[in-house]
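# Report on the structure
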Amino acid sequence: MESKYHDTLSDQETLVNNMLAETSFGTFFGISQKVFEQVWSNLTAPDGNSAVYVSMEIGADLDVFNPVKKYLQQNEITESKNTEADLLIKKILNGPSKIPNYGGGLGILAGDTLKSFAACKIPVAAISLLYRKGYFSQLVDSRIGQISWSMDWSPEKTPSLYLLKNPSYPDKPLCIEIPFFDEHDKTVMVYAQVWMKLEANENLDFFVPEFLLDFSLPQSPEWIRNASNNLYDSSSEKMKAIQRRMLGAGVIPLMDILGLTAKTLHLNEQHGVVSVLNLIADYLLQKLGPEYQSTVRDKDILEAADSVAHKVVYTIHTPVKAGHDRFSKTLYAGLSHTVCRRILALLAPDKENPSLYNFTEFAMRVNRAVNSVSRLHRDVTQKQFPQFAKKITAITNGVHHLTWISAAKAEVFDSFPELQNWRQNPAVFRNAKKLQKNKKFRTYLEQAWKHDSEKLINYVNGMLIEHRHQTEETWIDPPNFLSLLHEEDIPLKPSAFTIGFARRFSTYKRADLIFDDLVELTKIIRELDYPVNFLFAGKAHPADEPGKSLIKIILDVQEELYERSKGLAKLVFIPNYDMAIAKMMVAGVHAWLNSPKRPLEASGTSGMKAAMNGIPNISILDGWWMEGFHDGETGWKFGLDTPLDTETLSEEPSALLYEEDSASFYEMFPQVIKEFNDPQLRKKYIDKCIRNISLNIPIFNTHRMIAEYCRNYGLKLSPPVTKKIKGLQELYQSEI
Ligand SMILES: *Cc1c(COP(=O)(O)O)cnc(C)c1O
């Protein structure tokens, strides 16, 4: 007995040793020394066959995907004799699991993308910023609406985040210097230390380093330290411009200091486009020598732009104006060098306002490939940028299937040989078609779904009761009217048809659309006499007043909805939306609602997360749903599918088509409720779930999406990786 015990212990020590990489930048836990060296040599190889992915935000919380922790738990590793490893193990098992450096879809897409790069072993490094106060935490009070609360989190305590050491001075952190300039071209140096999130794949045999620049250092000026606090701080235009510059101007110095050789910079949105300014300035310096600032001609700048364009790949994410940075020329004069301003004046003109630089225009101009995020969005973008129409292609977004498929559904998928290897290759879900009539599969799927619904509804019910008790202790009015009912009337039933809606609150997403006519909505529910739960969540940017008022509308309709439906309809708002809440919602609801004004939702990804769990969407024909709807096999559509013209792009309240699209929803809705509840029709509902699994998972995953990105990158990859990518590319072509 005793010796067996010791054997396992030493086996475990071997496993632990294989998870340690001791490097000149510090000790990392989760991958072996060999894997570290292999990835690092790819990223620093002279051929430059790797990519650097630049994003303002990365959403990759550890509570929704953490292969290192999973590995420790599976092997029952809780400690090590190696003191350094022991600390790291305990941190991973018990440490905080949120990295609140994301605001919404863009950041989560970035995280999902990087996880798929790691899974497919594509050599990529990501660069983003570290925000000491994250985005913000959301409190909700029924009378006030959203209250934004500054959050505290500690990168020091967060597992999988490592402060890089300076290889020359191991007891000091690695630090980069970046020049900012005042209006007299006088240099103001700012400094950043570098955190690395180790994004390991499921097999722990590859990783993507995510480098987060942390400008909160005492040697930097105060205005820089302030700008390192909150993601998307919009307290002033200057703050916004500084944050963009911190990201963009950090890219080349960081690559230089780490020795990253990537010949491809991928801009996830135009936020980091200042990196392209640097490429152009570097080219001019090489060509014209150190005096280039006084000798450079416009012609040289245009030539430089054409020459560096082959290094840049750009993904545009939205047709909505607020998503595109425009800065006033006078303001920008206080931050950047005269030559930079000349470059911007030539390459970043704003068509509507000559006193602005337009960063989207700049990113559109200087690249070797630009992609939109769905087919419909491509058509819209080509209309918005007719001069670049020829080069704008479609690569439809996806989500990382290993992050978003619930544990209960994963267990079902694991038990059917038809779906073998689904973790490595989401294409195998096409075989779910063969399971369409398999009684066992249908039963298991329904059971897993019920499990996920109960988990979600238990969470919601617990929250409602907790808020009720909190009213006795604090000044806050509970967000949900239901918390004030008699205790026995509060709970939602997990068996009741439950619709989910969760995303950023922004006017074009029209969170309140289906409540436009409460009389009509409650009439439908009363006549059919089935209970319906509506679960809503999402943050509005603290400066977005119309977005915040949408949250208030959701809170304000709760009571009337409940009363008019005679208690059948319960609407709940879940505060402080994040990835963990998203994961619970997209797996536990019975339908996912998406009601944007077409064609302003470029892609949308939460609906894909639902589809991964077999949940049908009820959606406006916009963004990805144009491709995922499959003539009604996977869910429902509603709303006007008007042709695209400049008129339809309006974000004006009067052009948001509330009346037309809500009427269309009310017309379609009874059919959905019946199909879910009527035992005769229920079969059709389960068919839709399985169709989501067989038709939509193989398409709307980030493995397929990055395989399409790889075409734009043109990297030379090893034969097995090339083969894998080719297989994924053949799954679907966004560009038709
Ligand atoms: C997926 C996700 C989003 C994006 O949802 P969309 O449907 O693309 O708007 C935003 N926030 C969180 C927390 C998410 O998980």
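Residues numbered from 1 in each chain as written. Predicted model: local features only at pLDDT ≥ 70, side-chain atom pairs only at ≥ 80, totals over all residues. Heavy atoms only, no water.

With that settled, consider the nonpolar core. One finds I122, F515, F534, F536 and F669 to be the most contacted residues of the largest nonpolar core, which totals 144 residues. If you tally residues by element for this core, the top one is helix α17 (residues 439–470), at nine residues. Split by domain, the residues of this core number at least three in each of domain 1 (31–63 + 98–394) and domain 2 (404–699). A21, M255, V296 and I301 belong to the second-largest nonpolar core, a separate cluster that totals 106 residues. (Core = buried A, V, L, I, M, F, W, Y, C linked by side-chain atoms within 4.5 Å. Buried < 20%, exposed > 50% of the residue type's maximum accessible area, 1.4 Å probe, protein only. Helix = DSSP H or I, 4+ residues; strand = E, 2+ residues; numbered from the N terminus. Domains from an automatic or database assignment.)

By the secondary structure assignment, D622 is in the loop between β23 (617–620) and α22 (625–628). Buried within the structure, D622 lacks any salt-bridge partner; R598 is the closest side chain of opposite charge, at an N-O distance of 5.7 Å. Side-chain polar atoms of D622 contact the backbone nitrogen of L600, separated by 3.3 Å. In terms of polar contacts, D622 uses its side chain to reach the backbone amide nitrogen of E601, at 2.9 Å. (Lys, Arg positive; Asp, Glu negative; His and termini not counted. Salt bridge = Lys/Arg side-chain N within 4 Å of Asp/Glu carboxyl O. Polar contact = N/O pair within 3.5 Å; in protein donor to acceptor, adjacent residues only side chain to side chain.)

Moving on: the pattern of salt bridges. Two side chains that carry opposite charge are able to pair once their charged atoms sit near each other. Under the definition given, this model contains 42 salt bridges. Note that K70 and E202 form a salt bridge whose closest N and O atoms lie 3.1 Å from each other. Of the two residues, K70 sits in helix α3 (residues 67–74) while E202 sits in the loop between β11 (187–200) and β12 (207–214), which places them 132 residues apart along the sequence. Look at E202 and you get partly exposed, because its relative accessible area is 24%. For D556, the salt bridge is made with K552, and the minimal N-O distance between the two is 3.0 Å. Here D556 pairs with K552, and both are found in helix α19 (residues 545–564), just four residues apart, close to one helical turn. The class for D556 is partly exposed, based on a relative accessible area of 46%. If you follow the salt bridges from partner to partner, you end up with K287, R297, D300 and E303 in one network.

Take the site of the ligand next. Close contacts around the ligand come from 14 residues, with I108, K509, T605, S606 and K609 the closest. In the environment of the ligand, an oxygen atom lies 2.8 Å from a nitrogen or oxygen atom belonging to the backbone of T605. The separation between an oxygen atom of the ligand and a polar side-chain atom of S606 is 2.5 Å. Protein contact buries 95% of the 390 Å² of open area that the ligand shows by itself. Counting the residues that make up the shell around the ligand, at least three belong to each of domain 1 (31–63 + 98–394) and domain 2 (404–699). (Near = heavy atom within 4 Å. Areas by Shrake-Rupley, 256 points an atom, 1.4 Å probe, with all protein chains shown as cover.)

We note that the domain assignment places domain 1 (31–63 + 98–394) and domain 2 (404–699) within the protein chain. When each unit is reduced to the centre of its C-alpha atoms, the spacing between domain 1 and domain 2 is 33 Å. Residue-level contacts link 43 residues of domain 1 with 44 residues of domain 2. Overall, the association of domain 1 and domain 2 removes approximately 3400 Å² of surface from exposure, summing both partners, and the carbon and sulfur fraction of that is 59%. Looking only at domain 1, the three residues that lose the most surface to domain 2 are Q138, V140 and L376, adding up to 19% of its buried area. At the junction of domain 1 with domain 2, the criterion picks out three salt bridges. The tally of links from domain 1 across to domain 2 stands at 15 residue pairs in polar contact (both at pLDDT 80 or more). Mapped onto the side of domain 1 that touches domain 2, the elements with two or more residues apiece are α5 (105–120), β5 (137–141), β6 (145–149) and α14 (375–384). (Contact = heavy atoms within 4.5 Å. Buried area = accessible area lost by both parts, 1.4 Å probe.)

A separate point is the sheet that holds strand β20 (residues 532–537). The parallel open sheet is built from six strands, whose spatial order is β21-β20-β19-β22-β23-β24. Taken across any chain shown, the strands that pair with only one partner, and hence form the sheet edges, are β21 (569–574) and β24 (635–638). In this sheet, neighbouring strand axes are inclined to one another by 20 degrees on average, regardless of whether the strands run parallel or antiparallel. With six bridges connecting them, strand β19 (residues 497–502) and β20 associate as parallel partners. Bridge assignment links G500 to a residue of β20, and that residue is L535. With respect to the sheet, helix α23 (residues 658–677) is in contact with β19, β20, β22 (591–594), β23 and β24, its orientation differing from that of β24 by roughly 160 degrees. (Pairing = 2+ DSSP bridges. Axes fitted to C-alpha atoms, helices over the stretch in contact; angles between N-to-C directions.)

Of the two faces of strand β2 (residues 26–29), both are covered, the one formed by G26 and F28 as well as the one formed by T27 and F29. As paired strands, strand β1 (residues 20–23) and β2 are joined by four bridges and run antiparallel to one another. In the sheet register, A21 faces β2, and the bridge partner there is F28. Count of turn residues in the β1/β2 antiparallel hairpin: two residues.

A separate point is the packing of aromatic side chains. With the rule as written, the count across this model stands at 37 aromatic pairs. Measuring from centroid to centroid gives 5.7 Å for W636 and Y685, while their planes differ by 35 degrees, and the two rings are tilted. Linking W636 in strand β24 with Y685 in helix α24 (residues 682–696), this pair joins segments that are 49 residues apart in sequence. Take W636: its relative accessible area is 4%, and that puts it in the buried class. Between F676 and Y685 the ring centres are 5.4 Å apart and the planes differ by 80 degrees, which places this aromatic pair in the edge-to-face class. (Phe/Tyr/Trp six-rings, centres within 6.5 Å; stacked < 30°, edge-to-face > 60°.)

A few words now on the environment of K552. Judged by its relative accessible area of 22%, K552 is partly exposed. Not counting chain neighbours up to four residues away, the residues in contact with K552 comprise S142, R143, I144 and G145.

A surface patch of negative charge is lined by D516, D517, E659 and E660. Mapped onto the elements of the fold, E659 is located in helix α23. (Patch = residues over 30% accessible without salt bridge, like charges linked within 9 Å, V, L, I, M, F, W, Y side chains within 5 Å. Charge placed at Lys NZ, Arg CZ, Asp CG, Glu CD.)

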